[in-house]
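Observations on the model geometry
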Amino acid sequence: MKLSTTMFIVAAFSSAAAMGPVTGVAVAADSQITILYDAFGKDTAMRRDWGFSALIEVAGKRILFDTGNDRDIFATNVKAKGVDLSNLDFVVLSHRHSDHMAGLSHVLSVNPKVKIYAPREGFGIFGSSLPSSFYRKDESLPPQMRYYDGKPPEVMTFGTAWQGANFEVIEKTTEVAPGITLIALVSDAPGTRELRELSLAVDTPDGVVLLVGCSHPGIEKIVEAAAAINPKIHLIAGGFHLVAAPDDAIANIVATLKDTFRVENVAPGHCTGEPTFAALKRAFGNRYIYAGVGTSLSFGPGAGERRGEGPALEQDEIITYRRFARHEDPFGLLQARSLRSRLSQPQGE
Ligand SMILES: [Zn+2]
Ligand SMILES: [Zn+2]
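Within any chain, residue numbers begin from 1 and follow the written order of that chain's sequence. All chains are assigned letters beginning at A, and all ligands numbers beginning at 1, according to the order in which they are written. Under the rules for a predicted model, residues below a pLDDT of 70 receive no local features and side-chain atom pairs below 80 are neither given nor counted, while totals for whole chains, interfaces and linings still include all residues. The basis for the side-chain values is all heavy atoms of the structure; hydrogens and waters are excluded.

Moving on, we come to the pattern of salt bridges. Basic side-chain nitrogens of Lys or Arg form a salt bridge, by our definition, when they fall within 4 Å of a carboxyl oxygen of Asp or Glu. Across all of its chains, the model carries nine salt bridges by this definition. Asp188 is the salt-bridge partner of Lys221, the closest N and O atoms lying 3.5 Å from each other. With Lys221 in helix H5 (residues 219–229) and Asp188 in the loop between strand S11 (180–186) and strand S12 (196–204), this residue pair connects regions lying 33 residues apart in the sequence. Burial classification: accessible surface area is computed with a 1.4 Å probe over protein chains only, and a residue below 20% of its type maximum counts as buried, one above 50% as exposed, and the rest as partly exposed. Owing to a relative accessible area of 46%, Asp188 belongs among the partly exposed residues under this scheme. One salt bridge in this structure joins Glu264 and Lys232, with 3.3 Å as the shortest N-O distance. With a gap of 32 residues between them, Glu264 in the loop between helix H6 (247–260) and strand S15 (265–269) and Lys232 in the loop between H5 and strand S14 (233–239) connect regions that are remote in the sequence. Judged by its relative accessible area of 22%, Glu264 falls in the partly exposed class. When salt bridges that share partners are traced, they join Arg120, Glu171 and Arg196 into one network. Each helix is a run of H or I in the DSSP string that is no shorter than four residues. Each strand is a run of E no shorter than two, and both are numbered from the N terminus.

See below:
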């Protein structure tokens with residue numbers, strides 16, 4: 001078995017150009033996404049663990065998207081792939097869950113001043129600020145009973161867990177570099193209500209290449225936002241957040257991606273879920289791109305001609321996700337379980 005797998009995607013540049021005007025950024029032939037962190041994969045030099053991180057190299061930029069669940073495993077995998085963290089254009093932290101952030105301390109040990117985009121959250125872990133007018137004042141109190149002796153700063157800043165790091169918090173969908181957009185959405189799912197999440201959309205001549213972390217706001221909502229940039233969705237990679245979803249919900253979302261948004265290729269990983277891997281594989285066939293830890297997904301001109309091996313869904317290489325998330329409910333697991341037990345086992349599990 002090969003130690004590392006390179007998958008090639010995308011139709012040739014000429015066929016995309018023939019379909020209409022080219023709107024995206026210039027995509028170099030060596031554009032690629034490398035999966036640095038996930039709980040499944042074939043590369044024996046990489047460690048498998050729950051969480052997500054990927055390096056995307058596109059339009060001359062090297063962008064680290066999320067940093068995995070464990071600093072040391074992240075460092076091992078970065079080293080195994082020979083990724084130079086001192087030479088990044090920026091980092092994106094998709095959301096505040098630790099399975100996407102824990103490797104940041106390793107990134108900062110190598111590159112302490114790197115720009116880090118993260119979602120803006122009130123009093124959040126990435127730092128935030130508010131005008132001091134937000135709190136009610138009572139001028140009848142003596143100064144020693146008043147906040148800041150009654151003279152608050154105009155803007156109150158709230159700290160971050162990584163003091164000194166170069167965070168830029170993102171409030172709304174923002175094009176951070178030509179053709180490279182951070183889509184900012186908010187989850188309304190029970191268990192993660194009000195969680196803010198960033199997804200990365202690159203508008204290429206072949207359509208949008210969309211990298212998602214955990215899709216807590218809903219993969220279909222993220223794709224809808226990406227389609228507003230360019231209705232042609234070329235590839236979605238990352239976590240679709242269906243790890244505990246029932247079959248009918250999975251079927252709905254797979255149909256939405258395939259038939260409504262006409263997504264061309266999917267490279268699901270992380271919290272997508274095993275039954276969703278299977279459903280996507282059935283629906284997308286050879287447009288399902290296997291993307292375990294260590295996989296590099298090439299895209300850009302000429303990549304289609306070099307298309308690699310078939311996206312076999314190899315059961316022995318996909319580890320069981322169910323033992324994760326037992327204690328909290330970030331995946332809606334408990335909710336799905338209670339729904340299931342109400343339907344089939346009134347006495348519960
Ligand atoms: Zn999450
Ligand atoms: Zn996650």
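For the rest of this paragraph, the subject is the coordination of the zinc ion (ligand 2). With water excluded from the atoms, a metal site may look incomplete; its donors are any N, O or S atoms within 2.8 Å, or within 3.2 Å for Na, K and Ca. Around the zinc ion (ligand 2), the protein supplies Asp99 (OD), His100 (NE2), Cys214 (SG) and His270 (NE2) as donor atoms, at distances of 2.1 to 2.4 Å. Just to be clear on the cut-offs, tetrahedral is four donors with all angles between 85 and 135 degrees, square planar is four donors and octahedral six with opposite donors over 155 degrees apart and all others between 65 and 115, and anything else goes down as irregular. Around the zinc ion (ligand 2) sit four donor atoms; with metal-centred angles ranging over 90 to 152°, the donor geometry is irregular. Of note, the donors binding the zinc ion (ligand 2) are all from one chain and are spaced D-H-x113-C-x55-H. In this structure, the zinc ion (ligand 2) lies 3.6 Å away from the zinc ion (ligand 1). One end of the pair, His100, is in helix H3 (residues 98–101); the other, His270, is in the loop between S15 and helix H7 (274–284), with 170 residues separating them in the sequence. Accessibility expressed as a relative area gives 0% for His270, which makes it buried.

Below, the discussion takes up unusual backbone geometry. If you check the backbone angles, Asp66 has positive phi at about 70° while not being a glycine. You can see Asp66 is positioned in the loop between strand S4 (61–65) and helix H2 (71–80). In this structure Asp66 comes out as buried when scored by relative accessible area, which is 0%. Backbone geometry places Phe123, a non-glycine residue, at a positive phi of 55°. Along the chain, Phe123 falls in the loop between strand S6 (115–119) and strand S7 (126–131).

It is worth spelling out the environment of Gly238 at this point. Inspection of the secondary structure puts Gly238 in strand S14. Its relative accessible area of 1% is what places Gly238 among the buried residues. Sequence-wise, Gly238 and Phe52 are 186 residues apart; in three dimensions their C-alpha atoms are separated by 7.7 Å. Throughout, a contact is declared for two residues whenever any of their heavy atoms are within 4.5 Å. If sequence neighbours within four positions are ignored, Gly238 has contacts with Phe52, Val212, Ala267, Pro268, Gly269 and Thr272.

One rule of thumb: low pLDDT means the predicted coordinates there are not for detailed reading. The predictor reports its confidence for every residue as pLDDT, a score running from 0 up to 100. Looking at the protein chain, the pLDDT average stands at 84 and 77% of residues meet or exceed 70. Note that pLDDT drops below 50 for residues 304–335; the model gives that stretch 79 contacts with residues more than four away or on any other chain. Ignoring residues within four places in sequence, the model shows residues 344–349, a span with pLDDT below 50, making four contacts including any to other chains.

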